[in-house]
Amino acid sequence: MRDVLLIFAIALGAALGIGLAGAVLLRALRRSSITVHLNVLLTTTVVAVAVGVMAVAEAMFLSAHDLEVVLITVAAAAVVSLAVGGHFGRRLARAAVWRDQARERERQLEKGRRDLVAWVSHDLRTPLAGLRAMAEALEDRVVRDPDTVDEYHRRIRLETDRMTRLVDDLFELSRINAGALRLSLTAVPLGEVVSDALASTIPLADARRITLIASESGWPTVAASEPELARVVANLLFNAVRYTPEDGTVRIEAGREDDHAWLSVADTCGGIPPADLPRLFDIAFRGEPARTPGPGDGGASGGLGLAIVHGLVEAHGGRVEVRNTSDGCQFMVRLATA
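Reading the values: the criteria
- Residues numbered from 1 in each chain as written.
- Predicted model: local features only at pLDDT ≥ 70, side-chain atom pairs only at ≥ 80, totals over all residues.
- Heavy atoms only, no water.
- 1 Å grid on protein atoms, 1.4 Å probe; cavity = no way out; pocket = protein on both sides within 12 Å on 5 of 7 lines; lining within 4 Å.
- Points joined across faces, edges and corners; volume = space filled by probe spheres on them.
- Helix = DSSP H or I, 4+ residues; strand = E, 2+ residues; numbered from the N terminus.
- Nonpolar A, V, L, I, M, F, W, Y, C, P; charged D, E, K, R; others polar.
- Pairing = 2+ DSSP bridges.
- Axes fitted to C-alpha atoms, helices over the stretch in contact; angles between N-to-C directions.
- Disulfide = S-S within 2.5 Å.
- Buried < 20%, exposed > 50% of the residue type's maximum accessible area, 1.4 Å probe, protein only.

With that settled, the discussion passes to empty space enclosed by the protein. With the rule as written, the count across this model stands at 1 cavity of 30 Å³ or more. The space that makes up the largest cavity amounts to roughly 30 Å³. Contributing to the lining of the largest cavity are L229, V232, V313, H316, V333 and L335. If you list the elements that add at least two residues to the lining of the largest cavity, you get α6 (226-243) and β7 (329-336). Split by residue class, the lining of the largest cavity holds 5 nonpolar, 1 polar and no charged.

Spelled out as structure tokens, the structure:
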């Protein structure tokens, strides 16, 4: 019994020394990744066992041959333990990191959903209140003169169009997020799509005294679904006109580069805060108050326009980027050529 206690004490002392050293090392590496922590913990455990066995073997005054056999056995076991533990430790670390990232993405998505509901509720409540007031005024004959009645009818139509655009944006965004968007790619002349988008944007641009400039030639043909591509171009133009001050300029150009085509929409909005650039395509993000549209800007979009652009461009296998220029910002869309 005394010999057993002695062997236990020797093994415990040797292993305890390694364990303390490992604890000190883990504390020093507390800011490191979970993979480093797992590797240090695994190595400390294996080394502690190996050192404990070696210490006991040495104390037992084994012959050189027997000691060599013990050391080889311990070394082989240590190698296998470190290899297997390291492999599954890395998998465990990746799984833990993935779960953390998944939880963070879920929190961001939930925050985006709450923001979206808040923005859409606000954007619907305002026109609905105006529609109800005007409808009641017309119903109760409070307004009788033809000019005012015509103005009420015009404003009702504008507010209805505004809500229709918002509902269309919500539907398009739900298709993108649900993975239900199915594109039928064909050869689409980009110049024709841009021409149609310019025609629908001109009234708003004229009302704000904004000059629209488009290249007369050089428009490539791209592989795209025409309705979705038209939505991308229209949203970019509409966004540029909304945020460009009066008497500003919006320029749209395109070209071909290697195996892809590019489309550029540049405005003179004065630039976007650098901190807002990475979030510009997030759902319901509108940035600072200076970039939040006010009444009469042609209809709010609930912060969905650029999110839809991002989703549709990625669905085409392309990418969209934004950067600040000397007097504004530039959106660049890259798509495959036909």
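Structure's up, so let's keep going.
Looking now at the sheet that holds β7. On the basis of which strands lie adjacent, the open sheet formed by 5 strands has the order β2-β4-β5-β7-β6 and mixed pairing. This sheet does not close on itself; its edge strands, each paired only once, are β2 (211-214) and β6 (319-324). Pairs of neighbouring strands in the sheet enclose a mean axial angle of 15°, with direction left out of account. Bridge count for strand β4 (residues 249-257) against strand β5 (residues 260-267) is 8 bridges, and the pairing is antiparallel. Residue pairing across strands places I252 opposite V265, the latter belonging to β5.

Counting across every chain of the model gives 0 disulfides. C269 takes part in no disulfide bond, and the closest cysteine sulfur to it belongs to C329, at a distance of 3.6 Å. With a relative accessible area of 15%, C269 lands in the buried category. Assessed through its relative accessible area of 0%, C329 is described here as buried.

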